[in-house]
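So the chains spell out like this:
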Amino acid sequence: MVFENIKIAFSETVLKSLSALILLVIGLVLGRVSGRLIARILKELNISKFIKKKLVDYPIEQIIGELIKYLIYIISIVTALSQIGLSDIVVKTIITLIIFFILIFILLGIKDFITNLIAGFIIKRKNLANTDDFINLDKIQGKVIASDFHHVKIRTSSNDIIYIPNSLFMRKILIKK
């Protein structure tokens, strides 16, 4: 009788573990396929080209595809953990930690973007780098070709083109001629 109960409990545990593993594998495959599919669809729709014209110079379709892929990974991991029978508190703690780390990575990733964006607003507002201005910025001298919310583009006397991030542009001593 005791051996029967151990055998039943063992087979239930193996069955739950096996189904959790199958759910995890399906989730990983589904995440990878759907991430690539979304990136390909967005690339066909030229989403990145549209957004580049507006403000951002990053491959948006790849970023969105990766986010969807990892979201599906997280959902499949949580489903697999629930299938094994972990309590809701453990699953919620894992989800909270994953979201916390994702937010930290996102904030660290966009830190430079935000500082360049703010500096770009200041440069535009104070007219520090208008097109055709001749500037001397530390050891860089040249004519401003363009300035946007990400960087200032300068052509030097030797016909080199230099891109200066706005945050760096704001930290240097500027002589405008």
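Before reading on, note that the structure itself is shown above.
Residues numbered from 1 in each chain as written. Predicted model: local features only at pLDDT ≥ 70, side-chain atom pairs only at ≥ 80, totals over all residues. Heavy atoms only, no water.

### Some points on the overall build of the protein
Piece 1. Regarding its fold elements, the protein presents five helices and five strands.
Piece 2. Listing every helix and strand of the protein by position from the N terminus yields α-α-α-α-β-β-β-β-α-β.
Piece 3. Counting every position in the protein, which comprises 177 residues, the buried fraction comes to 24%.
Piece 4. By sequence separation, contacts in the protein at least 24 residues apart represent 53% of the contacts at least 6 residues apart.
Piece 5. Surface summary for the protein: the accessible area is close to 12800 Å², and the carbon and sulfur share equals 68%. (Helix = DSSP H or I, 4+ residues; strand = E, 2+ residues; numbered from the N terminus. Buried < 20%, exposed > 50% of the residue type's maximum accessible area, 1.4 Å probe, protein only. Contact = heavy atoms within 4.5 Å. Areas by Shrake-Rupley, 256 points an atom, 1.4 Å probe, with all protein chains shown as cover.)

### Considering unusual backbone geometry
Comment: phi is negative for the bulk of residues other than glycine, and the bulk of peptide bonds are trans.
Piece 1. For Asn127, which is not a glycine, the phi torsion comes out positive at approximately 50 degrees.
Piece 2. Examined against the element boundaries, Asn127 turns out to sit in the loop between α4 (88-125) and β1 (134-137).
Piece 3. Taking relative accessible area as the criterion, Asn127 reaches 41% and is therefore assigned partly exposed.
Piece 4. Notably, Asn159 is not glycine yet its phi reads approximately 70 degrees, a positive angle.

### As for the packing of aromatic side chains
Piece 1. Scanning the entire structure with this criterion turns up three aromatic pairs.
Piece 2. Ring geometry for Tyr70 and Tyr73: centres 5.4 Å apart, planes at 85 degrees, overall edge-to-face. Linking Tyr70 with Tyr73, this pair stays in helix α3 (residues 60-84), spanning three residues, or about one helical turn.
Piece 3. Using a relative accessible area of 44% as the deciding quantity, one classes Tyr70 as partly exposed.
Piece 4. For Tyr73, a relative accessible area of 15% translates into the label buried. (Phe/Tyr/Trp six-rings, centres within 6.5 Å; stacked < 30°, edge-to-face > 60°.)

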